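# Observations on chain architecture
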Amino acid sequence: MREDMTKKEIEAMPIEEVVAKSNLRHIAFIMDGNGRWAKKRLLPREAGHKVGADNFKTIVRYCKKIGMECCTVYAFSTENVKRPQREVEALFRLLISFIEEAGEEKDIEFRFIGEPGELGETIGKRTRELEEATRGRPYRLNIAFNYGGRAEIVRAVNSLIAEGKREITEDELSARLYTAGRPEPDLIVRTGAEMRISNFLLWQAAYAELYFTDRLWPDYTTADVDEAVREFASRSRRFGGLDAADAVRGV
Ligand code: IPE
Ligand code: IPE
Ligand code: MG
């Protein structure tokens, strides 16, 4: 619990003020539950991914509106290629149509984290083009596609080895991750009722606050974002130290 703002005060504040007062700059979402959402409706899993992809746009725009600097979404893990070909292809098509419609977004600097280029020439080309066309914009969006946290760390270490380094620092490693130059997530939200990280931002999540909800991603709303943000604001982030008042009291 934090001591400078009570839960009641946080509840009464406009959400933009909660974001600013709690120094929340970056939310990351593990967008899980599309398949179960579809199954409940006797629809194919792909239908859940379609609604999930539309919802992703709504949530990302909302995060910008309430004052976030950066947002990350986990859209496709390196392990997700194990799924049936039909589902995997549907996810690739959704990515391509998302990129085709991304011209509507005027303030977003896109970055794809992971190795989308390994999934095919078209995906590689389109993702690179979108990154280049949107460079320098104020709101940063990381889309994790063909992303794995362990693979990201190994890749960073290999690039340091290739530079001839025999000993490395945390800053040097951070600077070789896909997320280099962008803030680490302050808050990681996972929808879909699973309480695990599933190989997401393993390095960057060192001091992120974790928030899990049963809501399935296609049902996740902007009101749910507010709830997670208010919960984040009520937590005390100590980063291994003590709260200021406890440090003074010495107890
Ligand atoms: C998350 O939803 C999206 C991807 C992993 C691509 P799932 O497809 O994992 O949905 P569930 O977990 O089966 O409900
Ligand atoms: C994590 O969800 C990956 C994404 C949301 C893209 P999964 O559904 O793949 O994770 P597991 O299999 O439940 O760990
Ligand atoms: Mg899942």
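Everything numeric in this text was worked out from a predicted model, so none of it was measured. (Residues numbered from 1 in each chain as written. Chains lettered and ligands numbered in written order. Predicted model: local features only at pLDDT ≥ 70, side-chain atom pairs only at ≥ 80, totals over all residues. Heavy atoms only, no water.)

Core analysis: the biggest nonpolar cluster contains 47 residues, and Ile27, Phe29, Phe56, Cys63, Val225 and Val229 have the highest contact counts within it. For this core, the element with the highest residue contribution is helix 5 (residues 85-101), accounting for seven residues. Cys63 has contacts with Ile27, Phe29, Met68, Cys71, Tyr139 and Val225, leaving out every residue within four places of it along the chain. Core analysis: the second largest hydrophobic core is formed by twelve residues, Ile113, Tyr147, Ile188 and Ala205 among them. (Core = buried A, V, L, I, M, F, W, Y, C linked by side-chain atoms within 4.5 Å. Buried < 20%, exposed > 50% of the residue type's maximum accessible area, 1.4 Å probe, protein only. Helix = DSSP H or I, 4+ residues; strand = E, 2+ residues; numbered from the N terminus. Contact = heavy atoms within 4.5 Å.)

Counted as a void, the largest pocket has a volume near 690 Å³. Along the walls of the largest pocket sit 31 residues, with Met31, Tyr74, Ala75, Phe76 and Asn80 positioned nearest its centre. Those elements that provide at least two residues to the lining of the largest pocket are helix 3 (34-40), helix 4 (45-65), strand 2 (70-77), helix 5 and strand 4 (139-147). Among the elements that make up the lining of the largest pocket, the one with the highest residue count is helix 4 (five residues). Here the residues of the lining of the largest pocket sort into 14 nonpolar, eight polar and nine charged. (1 Å grid on protein atoms, 1.4 Å probe; cavity = no way out; pocket = protein on both sides within 12 Å on 5 of 7 lines; lining within 4 Å. Points joined across faces, edges and corners; volume = space filled by probe spheres on them. Nonpolar A, V, L, I, M, F, W, Y, C, P; charged D, E, K, R; others polar.)

For the rest of this paragraph, the subject is the site of ligand 2. Neighbouring ligand 2 are the residues Ile30, Met31, Asp32, Tyr74, Ala75, Phe76, Asn80, Arg83, Arg190, Arg196 and Ser198. Contacts to ligand 2 include Arg83, whose side-chain N or O atom sits 3.3 Å from an oxygen atom. Take Arg196: an N or O atom from its side chain is 2.8 Å from an oxygen atom of ligand 2. For ligand 2, whose free accessible area comes to 390 Å², the fraction covered by protein is 78%. The cavity that encloses ligand 2 is the largest pocket. Examining the composition of the shell around ligand 2, we find that three residues originate from one element, strand 2, more than from any other. Class assignment for the residues of the shell around ligand 2 results in five nonpolar, two polar and four charged. (Near = heavy atom within 4 Å. Polar contact = N/O pair within 3.5 Å; in protein donor to acceptor, adjacent residues only side chain to side chain. Areas by Shrake-Rupley, 256 points an atom, 1.4 Å probe, with all protein chains shown as cover. Sits in = over half its atoms within 2 Å of the grid points.)

The assigned domain composition of the chain is domain 1 (24-146 + 183-190 + 206-234) and domain 2 (148-181). A separation of 24 Å is found between the C-alpha centroids of domain 1 and domain 2. Facing nine residues of domain 1, the contacting portion of domain 2 comprises six residues. Counting each side, the surface lost to burial between domain 1 and domain 2 is near 630 Å², with a carbon and sulfur contribution of 41%. If you sort the residues of domain 1 by the area they bury against domain 2, Arg111, Ile113 and Glu115 come out on top, with a joint share of 48%. Taken together, the connections running from domain 1 to domain 2 amount to one salt bridge. Ionic pairing is found between Arg155 and Glu115, a salt bridge with its closest N-O pair at 3.1 Å. Where domain 1 touches domain 2, the interface holds four residue pairs in polar contact (both at pLDDT 80 or more). At three residues, strand 4 tops the list of elements feeding residues into the side of domain 1 that touches domain 2. Taken together, the residues that form the side of domain 1 that touches domain 2 break down as two nonpolar, four polar and three charged. (Domains from an automatic or database assignment. Buried area = accessible area lost by both parts, 1.4 Å probe. Salt bridge = Lys/Arg side-chain N within 4 Å of Asp/Glu carboxyl O.)

What follows is about the packing of aromatic side chains. As enumerated under the stated definition, the model contains 13 aromatic pairs in all. Ring centres of Tyr74 and Tyr147 lie 5.9 Å apart, and the angle between their planes is 85°; on these two criteria the pair is classed as edge-to-face. Pair noted here: Tyr74 is in strand 2 and Tyr147 is in strand 4, with a separation of 73 residues, a long-range link. Each member of the pair, Tyr74 together with Tyr147, is buried. Cluster of aromatic residues (ring-pair linked, three or more members): Tyr74, Tyr147, Tyr178 and Phe200. (Phe/Tyr/Trp six-rings, centres within 6.5 Å; stacked < 30°, edge-to-face > 60°.)

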